[in-house]
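Below are the chains, spelled out letter by letter.
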Amino acid sequence: MLSRLIRARRMRVILLLATALVLAAPAAAQAFTVYGAASLSSAFPVIDSSPTYNFAGSNQLQLQIERGAPADLFASASPAEPTALFKEGRCSRPVTFATNILVMVTPTNNPAGLRSVYGLRTGSHRLAVGTAGVPIGVYTRQLLRRMQLTSILSTNTVSLEPNVNSIIAKVGLGSADAGFSYFTDYLAAKNRLRVFRLPTWAQPPVRYQMCVVKRPGADTAAANRFMQRVLSTQGRRVLKRFGFGLTPRR
Amino acid sequence: MPEINRGQFLRLGVAGVVGTVGAGLLAGPASAALPTPTPQGDDVGFLSFGAVAEQTSRAWYRRALAVRGFTDGDRRRLQSAQAAKGEHVTRINAALGADAIQPGDFAARFPAAAFATKDRTIALGRRLEEILVSTYLNGASFAHDSGTRLLLGRLLTYDAQQLAWMRGLTGSVPAGGLPNALSLEQAGAQLDLVITTPNFPV
């Protein structure tokens, strides 16, 4: 009788352990998650194909992380978002890993006949521009302020896009006569686009930063490994191949 | 000899400054407290351009100090101007606030031969001062904010003096007057020839 009781208790313990293992297994097997700026969507998977990626506007990703989204690493197109998360205690100190510049893009056939950004002063063109909150939109407005071209946002028909991929898509499809994007996004779609350089003196400093997200259950070790991979010689080589600028090695 | 005298300066640069005063840019006595610049609208463009061009000009003064052929007096003036350029950047950046231009945002990229001789060195420095004066003339006339106009007017005064001095160094007739005012589009195209985006491959 006693031995049967002991055997039954043992069975229950074994069952509990087995259940715990079964429940724990998917979590351990699940790839860690990288939340990255839309402009990194071509380069990052080449550096490391193993993470689950979520690419979007950096400001949207910041908001999602603040609301508890299951991100392990955050890579932003501007220091503003990771710095805010760092100050809130939601991620590690941000590290700069790449730079970029802004360009104006038009469809390959350039239906509006634009010769430079100053051609937009005549008005009545269709423009694709980032929203005021997303880094590409912030940088674009900064550049236009410096060039005294802020008025083109009111004299042209402007469609506000949530991230740089939407801008490229809109211009590439001919739904916009011109748009402002990063140089690297032009490179990724150059068969559909024509590029116009913007003055060096007016370029805002485009800095990419990443940080390891702090939240219960975050895969910090994997996020740190990913960060090292991006900063490695191989990672830098890939970024350079995709047209990014590199900051000096720390 | 290369020092420009007061008469020469008056013939060259003061015309512009007097015009500035005449336009009502310096509304009060010189000793009155300066209004704080609060740039509005396109004013940011004049100031941003000024900050980049002043930093580039400062880099030129630093390089010029290493060139042979300048007298001790010239060197003192180069040194003093280099310091003044740094102050200009500080004042412009204070006015720009969040839009301030940081030293790492761009880098001067002068042609290799530009410092090969004293004459070539001066030619480049003169070109940079002309770009600055041309832009400040435009800004001092068209900036919306009076504090910004005053700041641009004072920067114009200093840089016009430097331009006159450089013209004197090359033996040019200082009475050549001020260069024409340039739009940011025109001035920017010239400045872009000697600056680059740091750490960027293209």
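The model shown is predicted, which means the values in this text are computed figures rather than measured ones. (Residues numbered from 1 in each chain as written. Chains lettered and ligands numbered in written order. Predicted model: local features only at pLDDT ≥ 70, side-chain atom pairs only at ≥ 80, totals over all residues. Heavy atoms only, no water.)

Participant: Can you lay out the nonpolar core for me, pointing to particular residues and giving the numbers?
Facilitator: If you look at the biggest cluster of nonpolar residues, it comprises 114 residues, and the most contacted ones within it are Phe 44, Phe 97 and Phe 180 of chain A together with Trp 60 of chain B. Here the element with the most residues in this core is helix 3 (residues 43-64) of chain B; it accounts for 11 residues. Not counting residues within four places of it along the chain, the set of residues in contact with Trp 60 of chain B comprises Leu 78, Phe 110, Phe 115, Thr 121, Ile 122, Leu 124, Gly 125, Leu 128 and Met 166 of chain B. Judged by nonpolar contacts, the second largest core, of 11 residues, contains Tyr 35, Leu 85, Cys 91 and Val 213 of chain A. (Core = buried A, V, L, I, M, F, W, Y, C linked by side-chain atoms within 4.5 Å. Buried < 20%, exposed > 50% of the residue type's maximum accessible area, 1.4 Å probe, protein only. Helix = DSSP H or I, 4+ residues; strand = E, 2+ residues; numbered from the N terminus. Contact = heavy atoms within 4.5 Å.)

Participant: Explain the packing of helix 5 (residues 118-142) of chain B against helix 7 (residues 184-191) of chain B to me, and be specific about the residues and the numbers.
Facilitator: All names here are of chain B. At a closest axis distance of 10 Å, the pairing of helix 5 and helix 7 adopts a crossing angle of 165°. The pairing of helix 5 with helix 7 is recorded here as roughly antiparallel in orientation. For the pair helix 5 and helix 7, the sense of crossing is left-handed. Between helix 5 and helix 7, the contacting residues are Arg 127, Leu 128, Ile 131 and Thr 135 on the first element and Leu 184, Ala 187, Gln 190 and Leu 191 on the second. Across the contact of helix 5 with helix 7, the residue classes tally to 5 nonpolar, 2 polar and 1 charged. (Axes fitted to C-alpha atoms, helices over the stretch in contact; angles between N-to-C directions. Parallel < 35°, antiparallel > 145°, perpendicular 65-115°, else oblique. Left-handed = near helix turned anticlockwise from the far one by under 90°. Nonpolar A, V, L, I, M, F, W, Y, C, P; charged D, E, K, R; others polar.)

Participant: Report on the state of the cysteines, specifying residues and quantitative values.
Facilitator: Residues and elements named next belong to chain A. All chains considered together, the criterion is met by 1 disulfide over all chains. For Cys 91, the disulfide goes to Cys 211, at an S-S distance of 2.3 Å. Taking the torsion about the S-S bond as the criterion, the Cys 91 to Cys 211 disulfide, at about -95°, is left-handed. Of this pair, Cys 91 sits in the loop between helix 4 (80-87) and strand 4 (95-100) while Cys 211 sits in strand 10 (residues 206-212), and the two are 120 residues apart along the sequence. (Disulfide = S-S within 2.5 Å.)

Participant: Give me the confidence of the model for chain A: which residues, what numbers.
Facilitator: Counting all residues, the mean pLDDT for chain A is 91, and 88% of those residues have values of 70 or more. Confidence over residues 20-29 of chain A falls short of pLDDT 50; this stretch has 0 contacts with residues more than four positions distant or in other chains. (pLDDT = per-residue confidence, 0-100.)

Participant: Requested: an account of the interface of chain B and chain A, with residues and values cited.
Facilitator: Taken together, the contact pairs 24 residues of chain B with 22 residues of chain A. Buried area between chain B and chain A, both sides added, is near 2000 Å², and the carbon and sulfur share of it is 55%. Summed over the shared surface of chain B and chain A, the number is 2 salt bridges. Between Asp 99 of chain B and Arg 145 of chain A there is a salt bridge whose closest N-O contact spans 2.8 Å. For the interface between chain B and chain A, the tally reads 5 residue pairs in polar contact (both at pLDDT 80 or more). (Buried area = accessible area lost by both parts, 1.4 Å probe. Salt bridge = Lys/Arg side-chain N within 4 Å of Asp/Glu carboxyl O. Polar contact = N/O pair within 3.5 Å; in protein donor to acceptor, adjacent residues only side chain to side chain.)

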